[in-house]
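Coordinate inspection notes
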Amino acid sequence: MNKADSERMAGILQSMGYQQASAELEADLVLYNTCTIRDNAEQKVYSYLGRQARRKRSNPHLKLVVAGCVAQQEGEALLRRVPELDLVMGPQHANRLELLLTQVDSGKQVVATDDNKILEDVTIPRRDSKICAWVNVIYGCNERCTYCVVPSVRGKEQSRQPEAIHMEMQGLAALGFREITLLGQNIDAYGRDLPGITAEGRRQNTLTDLLHHVHDVEGIERIRFATSHPRYFTDRLIEACAGLPKLCEHFHIPFQSGDNNVLKAMARGYTVERYRRIIDRIRELMPDAAISSDVIVAFPGETDDQFRQTLKLIEQVGFDQVNTAAYSPRPNTPAATWPNQLPEAVKVERLQELNALVENTARQRNARYDGRVEEVLAEGINPKDPDQLMGRTRSNRLTFFAAKGPEGCSYSPGDLVDVRIDSVRSFSLSGTPLR
Ligand code: SAH
Ligand code: SF4
């Protein structure tokens, strides 16, 4: 999500005539797009800012901007902490960057953190990839997970109109993009704030409806979406994914904890049993689907037994990948005020044990690709070996292969290539192109 915001803001700067500087300490304008999901992400910003603030003291023309969730969370306080800043802007203001910079140019120090209706697509992002693009479909989050800072910094849910999403995807296809990842913090909530009930009394404009709606965009070969919330993940959605050829067999469904009491304390709104049923149903219809997830260890009050339930779930499900984190208390969240916080040593120990299991499971899951032929969408050159391309399988496995194929043919980014996998590691694959 942050990366998509960064690309939009970079697009605005480019349209204003800015060019990318050769180095962070050379630029005339520096914009940090920040994350506050955990404390260590937040702290990084302050160390970067320190260096730029010193530079500004000898170069008053330097413009310093902090965007994103730390900006939203800290607001005016950030100006007091770093008085050299010109602009502090929350994520809901990303599309307004040009206007805000105009205010800075007139000599003001600007803070833009009020609730904002996100402007519809006035921006053209400067995308890092020419093949794969992010497309926001819903901003914000209306959930109240007790550990999570997102609702307070990204605001209320705002779904984009299906037509606007369709148009953006058509535009991307015309530019040569082949793969789209639809984005939302809780993408299953898509459309809840849009009108529409069918004649049969069913809600329209659900994520499932959207997937059907955008599936016909010619030139787009692959569609993914993230992040899914187990509370709202429906059978109808799973059936749509199984039936729509462009939908990739990869699902990112965070479970956060394998213990029902911890899930309850987190206010996640589902049980481990429900989570298992979702995975079973996906595998019934798409036996080879890749499943990835997020998990938090050492949530306040988590016992050793409860932690072991998380390990058990990982073993039982056999995840392809899991993003892991030790619980980090966040401002304005209920769990941060609870007295039953766990000591740092427990966090470190549980995280280490978890990571070892996750790597092991990922390696075992990757082993199944050995010798298989997989369709890989070439995304670019391998930065470590210019004779190789890199891309992803439909199941989102990073895969490297020779840029030259049999009988002198060669491949370029954007090609869909059948690759025979001949080497598997925990987090990537290598293989030989077949045609
Ligand atoms: N909307 C997504 C996740 C958004 S945040 C969802 O509901 O799953 C991305 C991940 O960061 C979360 O899945 C969670 O695992 C982690 N996370 C969020 N808040 C955290 C906190 N306070 N401490 C540690 N990890 C956290
Ligand atoms: Fe945070 Fe929960 Fe919303 Fe995900 S669903 S962004 S974890 S509040």
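Residues numbered from 1 in each chain as written. Chains lettered and ligands numbered in written order. Predicted model: local features only at pLDDT ≥ 70, side-chain atom pairs only at ≥ 80, totals over all residues. Heavy atoms only, no water.

What follows is about the pairing of strand 2 (residues 63-68). Among the six residues in strand 2, six count as buried, and that is most of the element. Bridging between strand 1 (residues 29-34) and strand 2 involves six bridges; their strand directions are parallel. Each bridged residue has a counterpart across the sheet, and for Asn 33 the counterpart in strand 2 is Ala 67. Traced from strand 1 through helix 2 (residues 39-58) to strand 2, the parallel crossover comes out right-handed. For strand 2 and strand 3 (residues 87-89), the ladder comprises three bridges, and the chain directions are parallel. By the bridge assignment for strand 3, Ala 67 is matched with Met 89. (Buried < 20%, exposed > 50% of the residue type's maximum accessible area, 1.4 Å probe, protein only. Helix = DSSP H or I, 4+ residues; strand = E, 2+ residues; numbered from the N terminus. Pairing = 2+ DSSP bridges. Right-handed = clockwise from strand over helix to strand, strands pointing away.)

Once that is clear, we can look at the site of ligand 1. Of all residues adjacent to ligand 1, which total 15 residues, the nearest are Tyr 147, Gln 185, Gln 256, Asp 294 and Ser 328. Interatomic distance of 2.6 Å between a backbone N/O atom of Gln 185 and a nitrogen atom of ligand 1. A distance of 2.8 Å is found between a nitrogen atom of ligand 1 and a backbone nitrogen or oxygen belonging to Ser 328. Here ligand 1, which alone exposes 540 Å², has 89% of that area covered by the protein. (Near = heavy atom within 4 Å. Polar contact = N/O pair within 3.5 Å; in protein donor to acceptor, adjacent residues only side chain to side chain. Areas by Shrake-Rupley, 256 points an atom, 1.4 Å probe, with all protein chains shown as cover.)

Before going further, it helps to examine the site of ligand 2. Every residue close to ligand 2 is listed here: Cys 141, Glu 143, Cys 145, Tyr 147, Cys 148, Val 150, Pro 151, Gln 185, His 229 and Arg 268. Of the residues in the shell around ligand 2, the class split is six nonpolar, two polar and two charged. (Nonpolar A, V, L, I, M, F, W, Y, C, P; charged D, E, K, R; others polar.)

We now examine the domain arrangement of the protein. By convention, interface size is frequently given as the accessible area that disappears when the constituent parts associate. Each assigned domain of the protein is listed here: domain 1 (2-112), domain 2 (132-368) and domain 3 (370-433). Taken together, the contacts link 16 residues of domain 1 with 17 residues of domain 2. Taken together, the connections running from domain 1 to domain 2 amount to three salt bridges. Salt-bridge contacts for Asp 39 lead to Arg 330; the nearest nitrogen and oxygen are separated by 3.8 Å. Seen at the junction of domain 1 and domain 2, the total is seven residue pairs in polar contact (both at pLDDT 80 or more). Sorting the residues of the side of domain 1 that touches domain 2 by element identifies helix 1 (2-15), helix 2 and helix 3 (69-74) as the ones contributing at least two each. Here the side of domain 1 that touches domain 2 gets six residues from one element, more than from any other, and that element is helix 1. Broken down by class, the residue content of the side of domain 1 that touches domain 2 amounts to four nonpolar, five polar and seven charged. (Domains from an automatic or database assignment. Contact = heavy atoms within 4.5 Å. Salt bridge = Lys/Arg side-chain N within 4 Å of Asp/Glu carboxyl O.)

Met 169, Leu 182, Phe 225 and Ile 282 are the most contacted members of the largest nonpolar core, which has 67 residues in total. Those residues in contact with Phe 225, other than ones at most four positions away along the chain, are Thr 181, Leu 182, Ile 187, Leu 207, Leu 211, Phe 233, Leu 237, Cys 241, Leu 247 and Phe 251. With 17 residues, the next largest nonpolar core counts Leu 49, Leu 62, Leu 64 and Val 82 among its residues. (Core = buried A, V, L, I, M, F, W, Y, C linked by side-chain atoms within 4.5 Å.)

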